[in-house]
Amino acid sequence: MIQSSTAPYAALLLRMALGIMFVAHGLLKVLVFTVPGTVQFFGSLGLPPIVAYGTIAAEIVGGALLILGVYSRWVSLALMPVLLGAAWAHWGNGWVFSAQGGGWEYPVFLAAAAAAQFFLGDGAFSLTARPAAQQLATTPR
């Protein structure tokens, strides 16, 4: 049974955690690895440079939109290729993300979390959420 009174706050918690994680990883690519370093890494995977720029932009902009609660359902769906691409990039390193070069379990878990966000929607305190009374009226019981 879903607690309809607390579900919007669960969606908020998930949305904030995902948003912060995306912004942090985007800024990591800019401030720590640097943009040229990130482009070089993506190139070492056989990807064109535009994919690195797109990934950085998607992580920072998408993360900010999640934090603000702007169409979170669609933003999390749009960010899933970034997470699945990260899983692909780390696949050869094994399962555990603490392995040398990082494994694939963390990006796959985050893809599952993004899928859950898609199904949950914006949640509480979102800029694009429907009013709470309207959400409760349409929530199956």
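Just so we're clear, the structure is a prediction, and the values are computed from it rather than from any experiment.

Undergrad: Teacher, can you tell me more about the pattern of salt bridges here?
TA: Opposite charge on two side chains makes pairing possible when the charged atoms of those side chains draw close. Taken as a whole and assessed by the stated rule, the structure comprises one salt bridge. The residue Glu59 makes a salt bridge to Lys29 at a minimum N-O spacing of 3.0 Å. Taken together, the residues Glu59 in helix H3 (residues 49-68) and Lys29 in helix H1 (residues 7-32) connect sequence positions 30 residues apart. Residue Glu59 shares its accessibility class with Lys29, and that shared class is buried.

Undergrad: Could you clarify how one ought to interpret a nonpolar patch on the surface in this entry?
TA: A cluster of nonpolar side chains, contributed by Leu27, Leu31, Val32 and Phe33, occupies part of the molecular surface with about 410 Å² of accessible area. Note on placement: Val32 falls in helix H1.

Undergrad: Help me understand the nonpolar core, please; the structure alone is not making it clear to me.
TA: Leu18, Met21, Phe22, Leu66, Leu79, Leu83 and Leu110 are the most contacted members of the largest nonpolar core, which has 13 residues in total. The set of elements that each furnish at least two residues to this core consists of H1, helix H4 (72-90) and helix H5 (105-120). Setting aside residues up to four positions removed in sequence, Leu18 forms contacts with Leu66, Leu110, Ala113, Ala114 and Gln117.

Quick notes on the rules
- Positions within a chain are numbered from 1, following the residues in the order the chain's sequence is written.
- Local features in a predicted model are, by the rule used here, given only for residues with pLDDT of at least 70; side-chain atom pairs are given and counted only at 80 or more, and totals for whole chains, interfaces and linings are based on all residues.
- Heavy atoms throughout the structure, all of them, feed into the side-chain values; hydrogens and water do not.
- Between Lys or Arg on one side and Asp or Glu on the other, a salt bridge is scored when a side-chain nitrogen of the former is within 4 Å of a carboxyl oxygen of the latter.
- Secondary structure elements are taken from DSSP: a helix is a run of H or I of four residues or more, a strand is a run of E of two residues or more, and numbering for both begins at the N terminus.
- Between buried and exposed lies partly exposed: a residue is buried under 20% and exposed over 50% of the maximum accessible area for its type, with that area taken using a 1.4 Å probe on protein chains only.
- The residues that make up patches have over 30% relative accessible area and no salt bridge, and they are joined within 9 Å when like-charged or within 5 Å when they are Val, Leu, Ile, Met, Phe, Trp or Tyr.
- Note on areas: Shrake-Rupley with a 1.4 Å probe; residue coverage comes only from the protein chains shown.
- Only buried Ala, Val, Leu, Ile, Met, Phe, Trp, Tyr and Cys residues count toward a nonpolar core, and they belong to the same one when joined by side-chain atoms within 4.5 Å.
- Should any heavy atoms of two residues lie within 4.5 Å, those residues are counted as being in contact.

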